[in-house]
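Analysis of the macromolecular model
What follows is the residue order along each chain.
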Amino acid sequence: MKIAIGCDHAGFDLKPAIQDYLIEKGIEVIDKGTHSTESVDYPVYARKVADAVVSGEADLGILICGTGVGISIAANKVPGIRAVVCSEPFSAKLSREHNNTNILAFGSRVIGPELAKMIVDAWLNAKFQGGRHQRRLDLITRIEKEESHV
Ligand code: RB5
């Protein structure tokens, strides 16, 4: 399992704790930056992680900004990405079971490292359930391709 991780300056303080946690679990972490608290633009790092996931360089991605909102919006603009921003484990779990999310985002100004680790666990331990949920994801893909106005 390989996970690409990225953040902006606001997420930088939380990133090392999540990286270490993933490494402890035997997961290979691909760090896409940023590497300091110097102000940067979150779409740049959203794009780096999203590209890593879509290309297959990474199996999944994790993104951190101040709220998780901007960086997840940006990631969701990349075709094939289904990013969720979570501040509790229930949505993280369901986002994989029903929505097959491939990027998890959270906000370092919203949650602390221990809750973030619980959210990561809930997300990683859940499995996509397919079936009717796949049909709905197929509709999302059609929207991405501008084939559907439903
Ligand atoms: C940066 O100040 C902040 O706007 C960013 O980290 C994020 O919260 C945006 O959604």
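What you see is a predicted model, and the numbers here were worked out from it, not measured in a lab. Sequence positions are assigned chain by chain, starting from 1 and proceeding in written order. In keeping with the predicted nature of the model, local features appear solely for residues at pLDDT of at least 70, side-chain atom pairs appear and are counted solely at 80 or more, and the whole-chain, interface and lining totals rest on all residues. Computation of side-chain values covers all heavy atoms of the structure but excludes hydrogens and water.

**With respect to the site of the ligand**
Residues are classed as near a molecule or strand on a simple rule: at least one heavy atom within 4 Å of it. Within the structure, the ligand sits among Asp8, His9, Ala10, Tyr42, Cys65, Gly66, Thr67, Gly70 and Arg109. Any N or O atom pair separated by 3.5 Å or less is treated as a polar contact, with the protein-specific requirement of one donor-capable and one acceptor-capable atom, and with residues adjacent in sequence counted only for side-chain atom pairs. Between the ligand and Gly66, the relevant distance is 2.8 Å, taken from an oxygen atom to a main-chain nitrogen or oxygen of the residue. The contact in question runs from an oxygen atom of the ligand to an N or O atom on the backbone of Gly70, over 2.9 Å. In these tables, accessible area is a Shrake-Rupley quantity obtained with a 1.4 Å probe, and a residue counts as shielded only by the protein chains included in the view. When the ligand is considered free in solution it has 290 Å² of accessible area, and contact with the protein chains removes 71% of it. Side-chain classes are defined by residue name, with Ala, Val, Leu, Ile, Met, Phe, Trp, Tyr, Cys and Pro counting as nonpolar, Asp, Glu, Lys and Arg as charged, and the others, Gly among them, as polar. Along the lines of polarity and charge, the residues of the shell around the ligand split into three nonpolar, four polar and two charged.

**Quick notes on the nonpolar core**
Among the nonpolar cores identified, the biggest contains 23 residues, and Ile18, Leu22, Ile62, Leu104 and Phe106 are the most heavily contacted of them. Counting only elements with at least two residues in this core, the list comes to strand 1 (2-7), helix 1 (15-24), strand 3 (60-65), strand 5 (103-107) and helix 5 (113-125). Residues Ala4, Ala50, Ala83 and Ala105 belong to the second largest nonpolar core, which totals 18 residues. Nonpolar cores were defined as sets of buried Ala, Val, Leu, Ile, Met, Phe, Trp, Tyr and Cys residues, with membership established by side-chain atoms within 4.5 Å. Three labels apply to residues, based on accessible area from a 1.4 Å probe with only protein chains included: buried if under 20% of the type maximum, exposed if over 50%, partly exposed otherwise in between. Here a strand is any run of E in DSSP of at least two residues, a helix any run of H or I of at least four, and the numbering for each starts at the N terminus.

**Here we look at the confidence of the model for the protein chain**
pLDDT expresses how confident the predictor is about each individual residue, on a scale running from 0 to 100. Averaged over every residue, the pLDDT of the protein chain is 97; residues scoring 70 or more account for 98%. Taken element by element, the predicted model of the protein chain shows its lowest mean pLDDT in helix 6 (residues 132-144) (96) and its highest in strand 5 (99).

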